[in-house]
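Okay, here's what each chain looks like letter by letter:
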Amino acid sequence: MDLGIAGKRALVCASSKGLGRGCAEALAEAGVDLVMNARGAQALEDAAAEIRAAHGVEVETVAADITTEDGRAQVLEVAGTVDILVNNAGGPPPGMWTDWEREDFIKALDANMLAPIALIKALVPGMMERGWGRVVNITSQSVKSPIAVLGLSNSARAGLTGYVAGTSRQVAGSGVVINNLLPGIHDTARAEALDTGVAEREGITMQEAKAQRCATIPAGRYGTPGEFGAMCAFLASQHAGFIVGQNILLDGGAVNATL
């Protein structure tokens, strides 16, 4: 399918690896020029070089922490005018409700709620003036079904979801579409870290920890960054103009819900 976005320009946050990398790859395959961001400079440059070689698109890089004001300023200066924004940032650490204090919540909100809101506010007005734009926020399946040990993530991402629910409907008439992608467990470094924590707590192997989690997923496996990226690219495409303010699960059926 021709996504109709060849020649568009996208900012993809936290895109040197994992789900962000999957999104960058899929957009590049569709002919979109990229501004890629991540904290680790070498991994970012390696990813950008591979995408340039594979897809022949223009790729600029900004090594900066998107969750900080200074980092966002650096990224926005390079990004300039963009048509597609993919918001993404690593999730806060797991724990129990008794572990978290105010500062822990502030850090989670800064990374997973306030940072994407700041980028939306910076870039969506220009999209509205031009009459076309796409924003895809990578949140979590925990928005639909909270995960007890990820209470910081549950809270911050639910806040972003509420913001998007209202904002998306205010800007849709100007040709700007905002939606959220809710990943379940995908084969990324984040999943490996969570599996490591389970293995250490329960005194089992990593393979056993992964098998336990796969058993909770009707598809029987973890998702891949590639299939996640494909959905991101579709939401960024010309075909997604009537999909507004939605929360789309990519979880292999793990969340057991009718709606």
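All figures in this text were calculated on a predicted structure; none of them were measured in a lab.

Draft legend 1. View of the overall build of the protein chain. Along its length, the protein chain carries 8 helices and 7 strands. Its C-alpha atoms give the protein chain a radius of gyration of 18 Å, near enough to 18 Å, the size a compact globule of 259 residues would have. On the principal axes, the C-alpha backbone points of the protein chain span a range of 55 × 40 × 40 Å. Evaluated residue by residue, the protein chain yields a buried proportion of 47% over its 259 residues. Look at the contacts in the protein chain between residues 6 or more apart in sequence, and 72% of them connect residues 24 or more apart. Of the charged side chains in the protein chain, 20 are positive and 28 negative, and the gap between their average positions amounts to 5 Å.

Draft legend 2. Region of interest: the packing of helix α6 (residues 189-202) against helix α7 (residues 206-214). α7 packs onto α6 with a crossing angle of 110° between their chain directions and a minimal axis gap of 8 Å. By the criterion of interaxial angle, the relationship of α6 to α7 is roughly perpendicular. Taken together, the residues of α7 that come into contact with α6 (itself represented by Ala191, Glu192, Leu194, Asp195, Thr196, Val198, Ala199 and Glu202) are Met206, Ala209, Lys210, Gln212 and Arg213. Classifying every residue of the contact of α6 with α7 gives 6 nonpolar, 2 polar and 5 charged.

Draft legend 3. The pattern of salt bridges, seen in detail. The full count for this structure, using the stated rule, is 6 salt bridges. Between Arg21 and Glu50 there is a salt bridge whose closest N-O contact spans 2.6 Å. In this pair, Arg21 is assigned in helix α1 (residues 18-29) and Glu50 in helix α2 (residues 41-55), connecting sequence segments 29 residues apart. For Glu227, the salt bridge goes to Arg221, with nearest N and O atoms at 2.9 Å. On the accessibility criterion, Glu227 (35% relative accessible area) is partly exposed. Among the charged side chains, a network of salt bridges with common partners joins Arg21, Glu25 and Glu50.

Draft legend 4. Spatial organisation of helix α4 (residues 102-130). Between its first and last C-alpha atoms α4 spans 40 Å; for 29 residues at 1.5 Å apiece the expected length is 42 Å, and the two agree. Along its length, α4 reaches its greatest deviation from straightness, about 45°, at Asp110. Of the residues making up α4, those classed as buried are Ala108, Ala111, Asn112, Ala115, Pro116, Ile117, Leu119, Ile120, Leu123, Val124, Gly126 and Met127. Where α4 terminates, the next one or two residues include Gly131, which has phi positive at roughly 80°.

Draft legend 5. Structural context of the packing of aromatic side chains. Scanning all chains against the criterion turns up 1 aromatic pair. Look at Trp100 and Phe105: their rings are 6.3 Å apart centre to centre, the planes differ by 80°, and that puts the pair in the edge-to-face class. Look at Trp100 and you get buried, because its relative accessible area is 13%. In this structure, Lys8 is placed above the aromatic ring of Trp132, and the distance from its NZ or CZ to the ring centre is 4.2 Å.

About the thresholds
- Residues numbered from 1 in each chain as written.
- Predicted model: local features only at pLDDT ≥ 70, side-chain atom pairs only at ≥ 80, totals over all residues.
- Heavy atoms only, no water.
- Helix = DSSP H or I, 4+ residues; strand = E, 2+ residues; numbered from the N terminus.
- Rg over C-alpha atoms; globule rule 2.2 N^0.38 Å.
- Buried < 20%, exposed > 50% of the residue type's maximum accessible area, 1.4 Å probe, protein only.
- Contact = heavy atoms within 4.5 Å.
- Lys, Arg positive; Asp, Glu negative; His and termini not counted.
- Charge placed at Lys NZ, Arg CZ, Asp CG, Glu CD.
- Axes fitted to C-alpha atoms, helices over the stretch in contact; angles between N-to-C directions.
- Parallel < 35°, antiparallel > 145°, perpendicular 65-115°, else oblique.
- Nonpolar A, V, L, I, M, F, W, Y, C, P; charged D, E, K, R; others polar.
- Salt bridge = Lys/Arg side-chain N within 4 Å of Asp/Glu carboxyl O.
- Expected span 1.5 Å × (residues − 1).
- Bend = angle between axes of the 7 residues up to and from the residue.
- Phe/Tyr/Trp six-rings, centres within 6.5 Å; stacked < 30°, edge-to-face > 60°.
- Lys NZ or Arg CZ within 6 Å of the ring centre and 35° of its normal.

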